[in-house]
Amino acid sequence: MLDRVGRYDFLTEPFHCDFSQRLFMGHLGNHMLNAADFHSNDRGFGMKYLLGVNRAWVLSRLAIEMEEMPPMYTRFKVETWIENAMRFFTSRNFRVVGEDGKVYGYGRSIWAMIDAESRQPTDLFSIDHGAIQNWIVKDKECPIDKGGRVKMNDDAVLVRTIETYYNDVDINGHINSVKYIEHVLDLWDLDWYQKHSIRRFEIAYVAEAHQGDKLSFYREQTGENEYCVRICKDGEVETCRSRVVFVAR
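Figured I'd write up the structure that's included with this text.

Thresholds applied
- Residues numbered from 1 in each chain as written.
- Predicted model: local features only at pLDDT ≥ 70, side-chain atom pairs only at ≥ 80, totals over all residues.
- Heavy atoms only, no water.
- Helix = DSSP H or I, 4+ residues; strand = E, 2+ residues; numbered from the N terminus.
- Rg over C-alpha atoms; globule rule 2.2 N^0.38 Å.
- Buried < 20%, exposed > 50% of the residue type's maximum accessible area, 1.4 Å probe, protein only.
- Contact = heavy atoms within 4.5 Å.
- Areas by Shrake-Rupley, 256 points an atom, 1.4 Å probe, with all protein chains shown as cover.
- Lys, Arg positive; Asp, Glu negative; His and termini not counted.
- Charge placed at Lys NZ, Arg CZ, Asp CG, Glu CD.
- Pairing = 2+ DSSP bridges.
- Axes fitted to C-alpha atoms, helices over the stretch in contact; angles between N-to-C directions.
- Patch = residues over 30% accessible without salt bridge, like charges linked within 9 Å, V, L, I, M, F, W, Y side chains within 5 Å.
- Salt bridge = Lys/Arg side-chain N within 4 Å of Asp/Glu carboxyl O.
- Parallel < 35°, antiparallel > 145°, perpendicular 65-115°, else oblique.
- Left-handed = near helix turned anticlockwise from the far one by under 90°.
- Nonpolar A, V, L, I, M, F, W, Y, C, P; charged D, E, K, R; others polar.

1. Considerations on the overall build of the protein
- Broken down by element type, the protein carries four helices and 10 strands.
- Expected size for 249 residues packed as a compact globule is a radius of gyration near 18 Å; at 18 Å, the protein falls within 12% of this value.
- Buried positions account for 51% of the 249 residues belonging to the protein.
- Looking at the protein alone, contacts between residues at least 24 apart form 70% of all its contacts between residues at least 6 apart.
- Here the protein displays about 12,500 Å² of accessible surface, and carbon together with sulfur accounts for 47% of that area.
- If the 32 positive side-chain charges of the protein are averaged to one point and the 38 negative ones to another, these points end up 3 Å apart.

Below, the structure is given as structure tokens:
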């Protein structure tokens, strides 16, 4: 019988690393989303099944907090489990742990199940008579803050506007969740990252964007080494907000 906690093996491949020979945050986010997909597919409520019934999972929120990123060639596991399930949303946690038991960090996420045509939230419990509830884990620790709404002022500064292309789009037909992470982190240059590393990254998705939309990035410093970013498509419609906390190297 499958464990309620999924454990999936990954390798820090050299071309997934930055100049410090450690895993890019975007690639770690991608590994977490893959682990979530493997876990849900193995237990009967993943994308393989949902696409056949005109449903899809979409990521609503993601928070990643790392003590350090896995170094190049490190083999590690991403553990994932469902912390809670409500009618329209489910919360899923992650732990990143090395083969030697070293814990690199944790993640928290919120997901919605949508109708693939209307793009509106649908009832999670309608899938296999609410079987997702059988996989909830209440007693596994995820010690990082759950996060909340990213608060920003109206005077955040426009720092970049980009075009979106084929490689920005995922299987749901909208801009890929991880691409947003990469675009946000590109707002700081190499000199900054030579002196700072990412301690915590949060992102909350508000509205879908699609290939061809122009994305504008508004940044505001909200604390020492803490920044918030608002992303709008076509200059007006907010698509997501992010918060990044750095630490000095």
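And the narrative resumes.
2. Here's the deal with the sheet that holds strand β4 (residues 89-98)
- If you walk across this open sheet you meet the 10 strands as β1-β3-β4-β5-β2-β7-β10-β9-β8-β6, and the pairing is antiparallel. For this open sheet the edge positions go to β1 (6-11) and β6 (157-162), each flanked by a neighbour on one side alone. Each strand of the sheet is rotated relative to its neighbour by a mean of 25°, with strand direction disregarded.
- As paired strands, strand β2 (residues 55-66) and strand β7 (residues 196-205) are joined by five bridges and run antiparallel to one another. Within the sheet, the bridge partner assigned to Ile64 lies in β7 and is Phe201.
- Its contacts with the sheet put helix α1 (residues 25-42) on β1, β2, β3 (75-85), β4, β5 (103-115) and β7, and the angle it makes with β1 is roughly 145°.
- Each of β2, β6, β7, β8 (215-223), β9 (226-233) and β10 (237-248) touches helix α3 (residues 177-185); the most contacted strand, β7, lies at about 135° to it.

3. Some remarks on a nonpolar patch on the surface
- A contiguous nonpolar patch, built from Met86, Phe88 and Phe89 and spanning about 250 Å² of accessible area, is present on the exposed surface.
- Among the structural elements, Phe89 can be located in strand β4.
- Classification of Phe89 as partly exposed rests on a relative accessible area of 34%.

4. Here we look at the packing of α1 against α3
- Between α1 and α3, the least distance of the axes is 9 Å, while the angle of their chain directions is 165°. What the angle tells us is that α1 and α3 run roughly antiparallel. Considering the relative orientation of α1 and α3, their crossing is right-handed. Residues Met25, Gly26, Gly29, Asn30 and Leu33 of α1 lie in contact with α3, whose contacting residues are Ser177, Val178, Ile181, Glu182 and Leu185.
- Of the residues that constitute the contact of α1 with α3, the class distribution is five nonpolar, four polar and one charged.

5. Overview of the environment of Val58
- Mapped onto the secondary structure, Val58 falls in strand β2.
- Separated by 22 residues in the primary sequence, Val58 and Thr80 place their C-alpha atoms 17 Å from one another.
- Among all residues touching Val58, those that are not within four sequence positions of it are Ile110, Trp111, Ala112, Ile114, Asn172 and His174.

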